[in-house]
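One letter stands for each residue in the lines below.
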Amino acid sequence: LPPHVFDEPATKPGIPTMIIKCTKLPWTITIIPRSQQNEYVTVGDVFDGLYRALRINVTAHEFNLLPSVDAQHTVNSAYKRRCKRLSDALEYEAETRKGLKRVDFLGEHTSFSGLSSTKEGAHVWAL
């Protein structure tokens, strides 16, 4: 995307806060403007907010929110695949020590395909 697109409102009309829901995640992601100059969420805010939210380590409580042992296996497999993508041995070791990240809950569905509006209001979007 051209750099100027990241400064554009993520929605039309712009909204001051965005809640993102995903069926694969047991929590919602709240997006707020990074800049105090903006009264609306920008495209850049969405990408930055998703990246930051999905890089958070998973707690034992969150892991236990998964609905089944199969779901836990899927998350563990995603974690292992994510770590194996690192070709540098030191980076691999460092990342494996950090443990599960929220992005691992997405399994193999880690390509961004956009957001969809929901019937829950103009501020609630589906990933």
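Scroll up a little and you will see the structure.
Source: prediction; values computed, not measured.

Engineer: When you look at the overall build of the chain in this model, what are you seeing that I'm missing?
Structural biologist: On a plain count of helices and strands, the chain comes out with four helices and four strands. Listing every helix and strand of the chain by position from the N terminus yields β-β-α-α-α-α-β-β. Counting only C-alpha atoms and orienting by the principal axes, one finds that the chain spans roughly 45 × 35 × 25 Å. For the chain, buried positions account for 36% of its 127 residues. Contacts in the chain between residues at least 24 apart in sequence constitute 59% of all its contacts with a sequence separation of at least 6.

Engineer: Would you explain the packing of aromatic side chains in this entry?
Structural biologist: One pass over the structure, following the stated rule, counts three aromatic pairs. One aromatic cluster is present, built from ring pairs that chain together F6, F47 and F112.

Engineer: Just to check I follow, could you spell out the sheet that holds strand β4 (residues 124-126) for this structure?
Structural biologist: The strands making up a sheet associate through backbone hydrogen bonding, with each pair oriented either parallel or antiparallel. Reading across from one edge, β2-β1-β4-β3 is the order of the four strands in this open sheet, with mixed pairing throughout. Sheet topology places β2 (29-31) and β3 (116-117) at the edges, where each strand pairs with a single neighbour. With three bridges joining them, strand β1 (residues 18-21) and β4 adopt parallel strand pairing. What sits directly across from I20, in β4, is W125.

Engineer: Teacher, can you tell me more about the pattern of salt bridges here?
Structural biologist: Pairing is possible between side chains of opposite charge, provided their charged atoms come close. Per the counting criterion, the structure on display carries eight salt bridges. The residue R34 makes a salt bridge to D45 at a minimum N-O spacing of 2.9 Å. Residue R34 is found in the loop between β2 and α1 (43-54), and its partner D45 is found in helix α1; the two are separated by 11 residues along the sequence. On the accessibility criterion, D45 (3% relative accessible area) is buried. A salt bridge links R55 to E95; the shortest N-O distance between them is 3.3 Å. One end of the pair, R55, is in the loop between α1 and α2 (60-64); the other, E95, is in helix α4 (residues 89-98), and 40 residues separate them in sequence. Classification of R55 as partly exposed rests on a relative accessible area of 28%. One salt-bridge network, in which partners are shared between bridges, spans R55, R82, E95, K98 and D104.

Engineer: Please clarify how the side chain of E95 should be interpreted in this entry.
Structural biologist: A residue is classified by how much of its surface remains accessible, and E95, at 8% relative accessible area, is buried. In this structure the side chain of E95 is engaged in a polar contact, spanning 3.3 Å, whose partner is the side chain of R55. Excluding anything up to four places from it in sequence, E95 contacts R55, Y79, R82, C83, L86 and K101.

Definitions and limits used
Residue numbers here run from 1 along each chain, matching the order of that chain's written sequence. Reporting in this predicted model follows two pLDDT cut-offs: at least 70 for local features of residues, and 80 or more for side-chain atom pairs to be given and counted; totals over whole chains, interfaces and linings ignore these cut-offs and use all residues. In computing side-chain properties, one takes all heavy atoms of the structure into account and sets aside hydrogens as well as water. Every helix listed is a DSSP run of H or I at least four residues long, and every strand listed is a run of E at least two residues long, numbered separately from the N terminus. Each residue is placed in one exposure class: buried if its accessible area under a 1.4 Å probe, protein chains only, is under 20% of its type's maximum, exposed if it is over 50%, and partly exposed if it falls in between. Should any heavy atoms of two residues lie within 4.5 Å, those residues are counted as being in contact. We call Phe, Tyr and Trp rings a pair once their centres come within 6.5 Å, taking the six-membered ring for Trp, and we label the pair stacked below 30 degrees between planes, edge-to-face above 60, and tilted otherwise. For two strands to be treated as a pair, DSSP must find no fewer than two bridges joining them. Every case where a carboxyl oxygen of Asp or Glu lies within 4 Å of a side-chain nitrogen of Lys or Arg is listed as a salt bridge. Throughout this description, a polar contact denotes any pair of N or O atoms lying within 3.5 Å of each other; where both atoms belong to protein, one of them has to be capable of donating a hydrogen while the other can accept it, and for residues adjacent in sequence the pair is counted only when both atoms sit in side chains.

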